[in-house]
Amino acid sequence: MPASAWPDDTIRFDLRTLDAHRLHVRQCGPQHGEPWLVLHGGPGSGCQPAMAAWFDPLRHRVVLPDQRGTGHSAPAGTRRRNTVPALLADLEQLRTALGIERWGVVGGSWGAALALAYADRFPEAVSALVLRGTFLTGFDDVQALFNARGAGRELLRGARRTGQGLPGARGRLVVASRVLQRGTPVQKLNIAAQWQQAERRLLRLPPARRARPAQQMATLRKYQIQAHYLMRRAGLGKPALLAAAARIGARGLPVTLLHGQDDNVCRPANARRVQAVIPQARLVWVPGGHLAVGEMAQALRAAIRSAGGSVAARQAAGFVDLAVDRVA
């Protein structure tokens, strides 16, 4: 199966929430397979076919929701009632609707932060966590994102065109958010394109090609949601997220942390901070950067396979293995 295409057995459906959102969900693999939930990054990115390729199509039942306002969920790009508590409630509604008792959770970047919040809020729903390139949602994390190796300069140039430019990473985010929410249609599209180029530079990707109108609107919606969350420390904040991680650690939940050695989006120190409060966590350093490609994709497949096997063994034996496996 090519990573650019969804598996042939993919089931697509919409989950209607009580507050009038419509969550778009894809499900792959056998109905009675080992259940896994995938939480995409961003915020605002949506799930991609490559995420399904991390799993064994004969063994794993994989559930891939587009979070509120993202991907094919509706209303598209909305920030109304788009909060972390609402996202967590959506995941629980989805789990219940699918008749899943407990599932493993895989999250990358923002998705890793959301996975920690979910496992803390609903501890009985989660059997294992696999977290890639964890984002800790503090303002220093946002500053690192906008300052890292000059990637934010393109965004600052876009902001200055509005006549409201402010110095520093915080200023870039404030101005960009203001334009994305209240600018003219042209200003909104321009700042979204600038943000995309800054992000691609940070990820060491080539500049984006000229987009069609529908693609431009999708890009705009993505960064409107991203700015909405980043301006609010993603609705979590680093102290609260690390406190949630400590409670997860105290319960002995199996956790695997994967982090790129050269990740300049979510700094390697983040993984060490999380492991410090989850002593049973297995930390694996992976050659490469932030994206789930190459060796990181291979590491994800191995971690999911290992976590699933260990969870089944623990359930059969009736105990939790608290061994620490640190890979430097």
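Rules behind the numbers
- Residues numbered from 1 in each chain as written.
- Predicted model: local features only at pLDDT ≥ 70, side-chain atom pairs only at ≥ 80, totals over all residues.
- Heavy atoms only, no water.
- Helix = DSSP H or I, 4+ residues; strand = E, 2+ residues; numbered from the N terminus.
- Buried < 20%, exposed > 50% of the residue type's maximum accessible area, 1.4 Å probe, protein only.
- Contact = heavy atoms within 4.5 Å.
- Arc of directions from axis to C-beta.
- Phe/Tyr/Trp six-rings, centres within 6.5 Å; stacked < 30°, edge-to-face > 60°.
- Polar contact = N/O pair within 3.5 Å; in protein donor to acceptor, adjacent residues only side chain to side chain.
- Expected span 1.5 Å × (residues − 1).
- Pairing = 2+ DSSP bridges.
- Patch = residues over 30% accessible without salt bridge, like charges linked within 9 Å, V, L, I, M, F, W, Y side chains within 5 Å.
- Areas by Shrake-Rupley, 256 points an atom, 1.4 Å probe, with all protein chains shown as cover.
- Salt bridge = Lys/Arg side-chain N within 4 Å of Asp/Glu carboxyl O.
- Core = buried A, V, L, I, M, F, W, Y, C linked by side-chain atoms within 4.5 Å.
- Axes fitted to C-alpha atoms, helices over the stretch in contact; angles between N-to-C directions.
- Parallel < 35°, antiparallel > 145°, perpendicular 65-115°, else oblique.
- Left-handed = near helix turned anticlockwise from the far one by under 90°.
- Nonpolar A, V, L, I, M, F, W, Y, C, P; charged D, E, K, R; others polar.

Participant: Give me the overall build of the protein: which residues, what numbers.
Facilitator: Counting secondary structure elements, the protein contains eleven helices and nine strands. In the protein, which comprises 328 residues, the proportion classed as buried is 55%. When contacts within the protein are restricted to residue pairs at least 6 apart in sequence, those whose partners lie at least 24 apart make up 74%.

Participant: Can you lay out helix α10 (residues 268–277) for me, pointing to particular residues and giving the numbers?
Facilitator: Looking at α10, one finds that the buried residues are Pro268, Asn270, Ala271, Val274 and Gln275. All buried residues of α10 fall inside an arc of 150 degrees around its axis, so they share one side.

Participant: Quick one: what's the story with the packing of aromatic side chains, residue by residue and with numbers?
Facilitator: According to the stated counting rule, one finds four aromatic pairs in the structure shown. Measuring from centroid to centroid gives 6.2 Å for tryptophan 36 and phenylalanine 55, while their planes differ by 50 degrees, and the two rings are tilted. Placement of the pair is tryptophan 36 in strand β3 (residues 34–39) and phenylalanine 55 in the loop between α1 (49–52) and β4 (60–65), with a sequence separation of 19 residues.

Participant: Summarise the side chain of glutamine 280; cite the residues concerned and give the values.
Facilitator: Structurally, glutamine 280 can be placed in the loop between α10 and β8 (282–286). A distance of 2.9 Å separates a polar atom in the side chain of glutamine 280 from the backbone oxygen of leucine 253.

Participant: Can you break down helix α8 (residues 213–230) residue by residue, with the values?
Facilitator: The end-to-end C-alpha distance of α8 is 26 Å, a good match for the 26 Å that 18 residues give at a rise of 1.5 Å each. Here α8 has its buried residues at Thr219, Leu220, Lys222, Tyr223, Gln224, Ile225, Gln226, Ala227, His228, Tyr229 and Leu230.

Participant: Would you mind going over the pairing of strand β1 (residues 11–16) in detail, with residue names and values included?
Facilitator: Two elements, β1 and strand β2 (residues 22–28), share six bridges in a ladder whose sense is antiparallel. Note on β2: the bridge partner recorded for aspartate 14 is histidine 24. Counted along the chain from β1 to the antiparallel partner β2, the turn is five residues long, and its residue alanine 20 has a positive phi close to 75 degrees.

Participant: Let's hear about a nonpolar patch on the surface: which residues, and what values?
Facilitator: A grouping of Leu205, Leu291 and Val293 is seen on the molecular surface, where their side chains present a nonpolar patch of about 220 Å² in accessible area. Within the fold, leucine 205 resides in the loop between α7 (185–202) and α8.

Participant: Any chance you could break down the nonpolar core for me, citing the residues and the numbers?
Facilitator: Ranked by internal contacts, the top residues of the largest apolar core, which has 46 residues, are Val105, Tyr118 and Leu129. Per element, the largest residue contribution to this core is nine residues, and it comes from helix α3 (residues 110–121). Not counting residues up to four positions away in its chain, the partners in contact with tyrosine 118 are Leu37, Leu88, Leu91, Glu92, Arg95, Trp103, Val105, Ala125 and Val126. Grouped together as the second largest cluster of nonpolar side chains are 24 residues, Cys28, Cys47, Val106 and Leu258 included.

Participant: Just give me the short version of the environment of leucine 88, but keep the residues and values in it.
Facilitator: On the secondary structure map, leucine 88 appears in helix α2 (residues 84–97). Separated by 31 residues in the primary sequence, leucine 88 and alanine 119 place their C-alpha atoms 9.5 Å from one another. Among residues more than four places away in sequence, those in contact with leucine 88 are Leu114, Ala117, Tyr118, Arg121 and Phe122.

Participant: So what's going on with the pairing of strand β5 (residues 103–108)? Residues and values would help.
Facilitator: Counting buried positions along β5 yields six of six residues, so the element is predominantly enclosed. Neither face of β5 is exposed, since Trp103, Val105 and Gly107 on one face and Gly104, Val106 and Gly108 on the opposite face are all buried. Inspection of the sheet shows β3 paired to β5 by four bridges, in the parallel sense. Looking across to β5, one finds that tryptophan 36 is bridged to glycine 104. As paired strands, β5 and strand β6 (residues 126–132) are joined by six bridges and run parallel to one another. Bridge assignment links glycine 104 to a residue of β6, and that residue is alanine 128.

Participant: Kindly report on the pattern of salt bridges, identifying the contributing residues and their values.
Facilitator: Scanning all chains against the criterion turns up 13 salt bridges. Between aspartate 66 and arginine 26 there is a salt bridge, and its shortest N-O distance comes to 3.5 Å. With a gap of 40 residues between them, aspartate 66 in the loop between β4 and α2 and arginine 26 in strand β2 connect regions that are remote in the sequence. Aspartate 66 gets classed as buried once you look at its relative accessible area, which sits at 0%. On the basis of relative accessible area, arginine 26 is assigned to the buried category, the value being 4%. We note a salt bridge from aspartate 90 to arginine 68, for which the minimum N-O separation is 2.6 Å. In this pair, aspartate 90 sits in helix α2 while arginine 68 sits in the loop between β4 and α2, placing the two residues 22 residues apart along the sequence. One network of salt bridges, with partners in common, ties together Asp19, Arg68, Arg81 and Asp90.

Participant: Could you give an account of the packing of α3 against helix α9 (residues 238–251), with specific residues and numbers?
Facilitator: Following both chains from N to C, one finds α3 and α9 inclined at 55 degrees, their axes separated by 9 Å at the closest point. Judged on the interaxial angle alone, α9 and α3 are oblique. As α3 runs across α9, the sense of the crossing is left-handed. Residues Ala113, Leu116, Ala117, Ala119 and Asp120 of α3 lie in contact with α9, whose contacting residues are Leu241, Ala244, Ala245, Arg247, Ile248 and Arg251. Per-class residue counts for the contact of α3 with α9 are eight nonpolar, no polar and three charged.

Spatial relationships are all this shows, so hold off on functional conclusions.
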